[in-house]
Amino acid sequence: GAYVLQVKATDADDPTYGNSARVVYSILQGQPYFSIDPKTGVIRTALPNMDREVKEQYQVLIQAKDMGGQLGGLAGTTTVNITLTDVNDNPPRFPKSIFHLKVPESSHVGSAIGRIRAVDPDFGKNAEIEYNIVPGDGGNLFDITTDEYTQEGVIKLKKPLDFETKKAYTFKVEASNLHLDHRFHSVGPFKDTATVKINVLDMDEPPVFSKPMYTMEVYEDTPVGTIIGAVTAQDLDAGSSSVRYFMDWKNDVDSYFTIDATEGTIATNELLDRESTAQYNFSIIASKVSNPLLTSKVNVIINVLDVNEFPPEISVPYETSVCENAKPGQVIQTITAADKDLSPAGQRFSFKLSSEASNKPNFTVHDYRNNTAGIETRRNGYSRRQQELYFLPVVIEDSSYPVQSSTNTLTIRVCRCDSDGTIQSCNVEAIFLPVGLSTGALIAILLCIVILLVIVVLYVALRRQKKKDTLMTSKEDIRDNVIHYDDEGGGEEDTQAFDIGALRNPKVIEDNKIRRDIKPDTLRFTRHRPPAEDNTDIRDFINQRLQENDVDPSAPPYDSLATYAYEGNGSVAESLSSIDSLTTEADQDYDYLSDWGPRFKILADMFGEEESYNPDKVT
């Protein structure tokens, strides 16, 4: 009676005319599984509990027929395909109640040792099965998982098996549906249980050591051949075999020890030095005599114990200093000690002065009894001038047996410090420096002196260079050089037209802004020259003219060189120079120069009447 679907047929006849359009439905094929309502066309199941696992698909032939008309009983048919959908209505079932498995004792942990299978007639996810081991005998050694492709239960090993310990195991496995349908809970439990029996097979196994690792101790310098320990391995198989031992040679360190092949005793093969190697780590291999290929390995650690053979020493080299103004009892250094031996817990170092230093009143050692000591002053002040360095012998002893000690010498340097005890200088040269100046101040003073010397040297060098450029010696006559300049002079006596010195040193023009190529604007004073006597020597005359020019600021040639040639007495031609004239410049007549042509016009103007000569008009 469960509803499946509804079919509907249409008739094109007039429904108002008799029963021509009235349709009646019936099943021609598909009984007794399905039934149809003749009026509505609703299809329903005709049998209870139809099982998909028995038959999945059904083909139903439906007929629709009208009820009347002149032709009477016209019908049409259609086919309906019905597929049953699966529901989880079947529990899984084991095909047998007991499964027997044989597992070698050498099986590895995590490996699969067997499979069992429960059958569920459902399909898809309704057929998915979950397996579980019922708590009991095998819960700790075995585990089971589901193969998602085959829905088999895979039994795996959780712990190693040992035939000699236990030969068989029995436990139960439960298979249940992973997805349950609450509509079928009343059908019954959807699970099944089976028993699994596992027999452990005896295998020929390697020997087993009594410990997973061996740790041994030996003192350094132990005589060669001394036994320091032993390892033990046994064959646990039913037919027990004897065991042989040997070293697993990997490096040269293994040569320090040997092992007895039968007894497994380990002995020293060389002298050991803890300061060189404090620990040895190697492996021992055990094999069965009956089957040498079956071996096992164990790790052995040997710790080398220390023998007190080295004395303690100062841990680091100290740079100790003391101020000149130090007070008695002042701690100037804290020292510590170190021992090359492996110091056991609680070992103590003691500090003291050597016997020869105990009588000196300079320094003392204060042992703090915590493996440190302080160096203290015993004097009120020290002098670098008297003694710069002090050497203090300190004796350090350890507490091991036998007692070892050493004498360590500390070098103490006397330094100059300020009132707060801050060191200012420890150098030997600093002793001779003024007390009131620090090293930085002295360096600054020396630097200033060097800078001043450099400035003075540069100034002198520049002055010499400038003097060399501006001055001319008497040997550097202007007539020894050919100087070309496009300036037509006024004649032999035109000494004011150009300044020769400007050509020799151009810097003279820049230094002196006054033009020297023309006459100054200052009024020229009329020089009254005394008449020269007839017998006056020309040398005296020249000297007189030189003195006049020296005191006359407006007289040419300024920076030019005027040369007066001394021609001497008794010349037949007499002097050709106008300097020898007995009359003054104003008494002479130069009007004849105007008759010489335009070339001498400038000379005529210069030596003509003074009032007619204008230097500004001369070009």
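Residues numbered from 1 in each chain as written. Predicted model: local features only at pLDDT ≥ 70, side-chain atom pairs only at ≥ 80, totals over all residues. Heavy atoms only, no water.

The protein goes by CAD12 protein in an unreviewed UniProt entry, where it is assigned to Notiomystis cincta. Here the protein is described in UniProt, under the heading Subcellular location (unreviewed entry), as follows: "Cell membrane". According to the UniProt record, the Function (unreviewed entry) comment for the protein reads "Cadherins are calcium-dependent cell adhesion proteins. They preferentially interact with themselves in a homophilic manner in connecting cells; cadherins may thus contribute to the sorting of heterogeneous cell types." (UniProt positions renumbered as here; feature names shortened; annotations may be inferred.)

A. Representation of the pairing of strand β26 (residues 350-353) in the model. Where burial is concerned, the two faces of β26 differ: the one with Phe-351 and Leu-353 is buried and the one with Ser-350 and Lys-352 is not. Two elements, β26 and strand β29 (residues 389-397), share four bridges in a ladder whose sense is antiparallel. Residue pairing across strands places Ser-350 opposite Glu-397, the latter belonging to β29. (Buried < 20%, exposed > 50% of the residue type's maximum accessible area, 1.4 Å probe, protein only. Helix = DSSP H or I, 4+ residues; strand = E, 2+ residues; numbered from the N terminus. Pairing = 2+ DSSP bridges.)

B. Quick look at helix α5 (residues 538-551). Compared with an ideal rise of 1.5 Å per residue, which puts 14 residues at 20 Å, α5 spans 20 Å between its outermost C-alpha atoms and is within 8% of the ideal. Of the positions making up α5, those classed as buried are Ile-538, Phe-541, Ile-542, Arg-545 and Glu-548. Across the axial projection of α5, the buried residues extend over an arc of 125°, all falling on one side. Of the residues in α5, the exposed ones pointing more than 90 degrees away from the buried face are Gln-547, Asp-550 and Val-551. (Expected span 1.5 Å × (residues − 1). Arc of directions from axis to C-beta.)

C. The arrangement of the pattern of salt bridges in detail. For the structure on display, the rule yields 11 salt bridges. Among the ionic pairs, Glu-174 bridges to Lys-191, the shortest N-O distance being 3.6 Å. Highlighted residues: Glu-174 in strand β12 (residues 168-177) and Lys-191 in strand β13 (residues 191-201), separated in sequence by 17 residues. Taking relative accessible area as the criterion, Glu-174 reaches 22% and is therefore assigned partly exposed. Linked by salt bridges that have partners in common, Arg-115, Asp-147 and Glu-152 make up one network. (Salt bridge = Lys/Arg side-chain N within 4 Å of Asp/Glu carboxyl O.)

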